[in-house]
Structures are given as structure tokens and as C-alpha cells.
Amino acid sequence: PMTISKTESPDFVLKSSGCEYGVEVTEATSPFDQKEMTRGHAESYVIGKFGGRFFDGVNGDEAEQALLNDIEGAVQKKADKIRNGIGTFRELKFIELLLYANSNAVDVCNFADKNVVQFLRTPMERNWNHLVSGTNIQQIAVIFRDILILFSAKSTDWLEIPRT
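Criteria and cut-off values
Residues numbered from 1 in each chain as written. Predicted model: local features only at pLDDT ≥ 70, side-chain atom pairs only at ≥ 80, totals over all residues. Heavy atoms only, no water. Salt bridge = Lys/Arg side-chain N within 4 Å of Asp/Glu carboxyl O. Helix = DSSP H or I, 4+ residues; strand = E, 2+ residues; numbered from the N terminus. Buried < 20%, exposed > 50% of the residue type's maximum accessible area, 1.4 Å probe, protein only. Core = buried A, V, L, I, M, F, W, Y, C linked by side-chain atoms within 4.5 Å. Phe/Tyr/Trp six-rings, centres within 6.5 Å; stacked < 30°, edge-to-face > 60°. Lys NZ or Arg CZ within 6 Å of the ring centre and 35° of its normal. Pairing = 2+ DSSP bridges. Expected span 1.5 Å × (residues − 1). Bend = angle between axes of the 7 residues up to and from the residue. Polar contact = N/O pair within 3.5 Å; in protein donor to acceptor, adjacent residues only side chain to side chain. Contact = heavy atoms within 4.5 Å.

### Comments concerning the pattern of salt bridges
One pass over the structure, following the stated rule, counts 6 salt bridges. R53 is the salt-bridge partner of D70, the closest N and O atoms lying 2.8 Å from each other. With D70 in helix α2 (residues 62-83) and R53 in the loop between α1 (31-40) and α2, this residue pair connects regions lying 17 residues apart in the sequence. The class for D70 is buried, based on a relative accessible area of 6%.

### Side note on the nonpolar core
If you look at the biggest cluster of nonpolar residues, it comprises 34 residues, and the most contacted ones within it are I71, I137 and I140. Looking at this core, the elements that each hand over two or more residues are α2, β4 (94-101), α3 (104-108), α4 (115-132), β5 (137-144) and β6 (147-152).

### Side note on the packing of aromatic side chains
With the rule as written, the count across this model stands at 1 aromatic pair. Considering the side-chain rings of Y21 and F94, the 5.3 Å spacing of their centres and the 15° angle between planes classify their relative orientation as stacked. One end of the pair, Y21, is in strand β3 (residues 19-28); the other, F94, is in strand β4, with 73 residues separating them in the sequence. Y21 sits in the partly exposed class, given a relative accessible area of 29%. The ring of F12 is capped by K6, whose NZ or CZ atom sits 5.3 Å from the centre of that ring.

### Re unusual backbone geometry
Cis rather than trans, the peptide bond between S9 and P10 has omega equal to 10°. Within the secondary structure layout, P10 lies in the loop between β1 (2-6) and β2 (12-16). Here S17, not a glycine, exhibits a phi torsion of approximately 50°, which is positive. Tracing the backbone shows S17 in the loop between β2 and β3.

### What about the pairing of β3?
Bridging between β2 and β3 involves 5 bridges; their strand directions are antiparallel. Opposite V13, over in β3, you have G22 as the bridge partner. In textbook terms, the turn of a hairpin is the stretch between consecutive antiparallel strands, and for β2 and β3 this stretch comprises 2 residues, one of which, S17, has a positive phi near 50°. In this structure, β3 lies alongside β4, joined through 8 bridges in parallel fashion. The residue of β4 that forms the bridge with Y21 is F94.

### A look at α4
For α4, spanning 18 residues, the distance from its first C-alpha to its last is 25 Å, which sits close to the expected 26 Å at 1.5 Å a residue. Along α4, the helix axis deviates most sharply at R126, where the bend reaches about 50°. Along α4, the positions that sit buried rather than exposed are V116, V117, L120, R121, P123, M124, W128, L131 and V132.

### As for the pairing of β5
Pairing of β4 with β5 involves 6 bridges; the strand directions are parallel. When the sheet's bridge partners are listed, E96 is paired in β5 with Q139. Of the pairings in the sheet, the one linking β5 to β6 comprises 6 bridges and is antiparallel in character. Note that in β6 the partner of Q139 across the bridge is S152. Once β5 ends, the chain turns through 2 residues before running back antiparallel as β6, passing R145 with a positive phi of about 50°.

### Some thoughts on the side chain of E96
Note that E96 resides in strand β4. Within the structure, E96 has its side chain in polar contact with the side chain of Q139 (distance 3.0 Å). Apart from the residues within four sequence positions on either side, E96 is in contact with Y21, G22, V23, E24, Q138 and Q139.

Right, here's the structure in full:
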């Protein structure tokens, strides 16, 4: 049997067959985009109208790079929390991060083009050890739109989440 407990740091602890796993859920975003999305929530708006990124359009892979920065920033923030011994992170053998991408970058990336996944995969694999060193992070799952990318020390996989 498996039990899931809501805790503070990490957000959830899963217990199964004598093992405990921590699950930390967080948002990968930009404070500029969050401010804009909050202000523009009551109406349809053009990206950048309320001060978020891309007010002057998108050039090249600018949106993909911004998304990568959002993801790496969220991982770094949580890794620092673990390294600093906040909460019960250190007591657990395994920590899984679940990130949901929520920014203007998500709105302007072309996810129909699988190159976006590759764009994220290459630097995340290259930076994996730097991002998670000194922590017990085993996997990072990133959800955006209808795609889930799973990064780990061993591999990177992606799948499309079927729309219902």
C-alpha cells in the first residue's frame, strides 16, 4: 500500500514499501509575466500589454530561451531550499520536482514543433549535475500545455498528455 501525506517542505511525502519520496510542486514563471497575467486576468489581452515579457514580439528562439530560464530558475530555487536544509527534504532519500510552466513564454512557444522539447532537453541534460548537486533530487517533471517532459540523471523523456 501507498500513503500520501500533505506536508510543508516538501509538499507531499509518498510512503511505499518502506521507502519515502518527497514531491515538491512549484511554478516555473517570470515575475514580470505573473504581474501581467494577474492584471490582465479579467480581460483578453495582448501579451506584453501589462508589462510582461515579449511586449515587442518574439525574435528567434527568445521564447524557448525564456522558458528554459524559467525552468532552471525554479529548479535552482528549490535546490537551494534543499541545500539549506529547509523542511524535511534532507531526511528523504528521493525528491521529485513537479514544475508547471506558467508564463508568457508558454503562450508564444510553438509546441507543435517538437524542436521545443529538444531545445529544453539539451541544456537541462548538460546542466543537470550543476542544478541538482548537493540535493536528493532524482527527477524533474515539467508540464506545459499538453506536454510533460521528465528529466532525470539517466534520461529525458517527453510525452503528450491526451486532451479529453
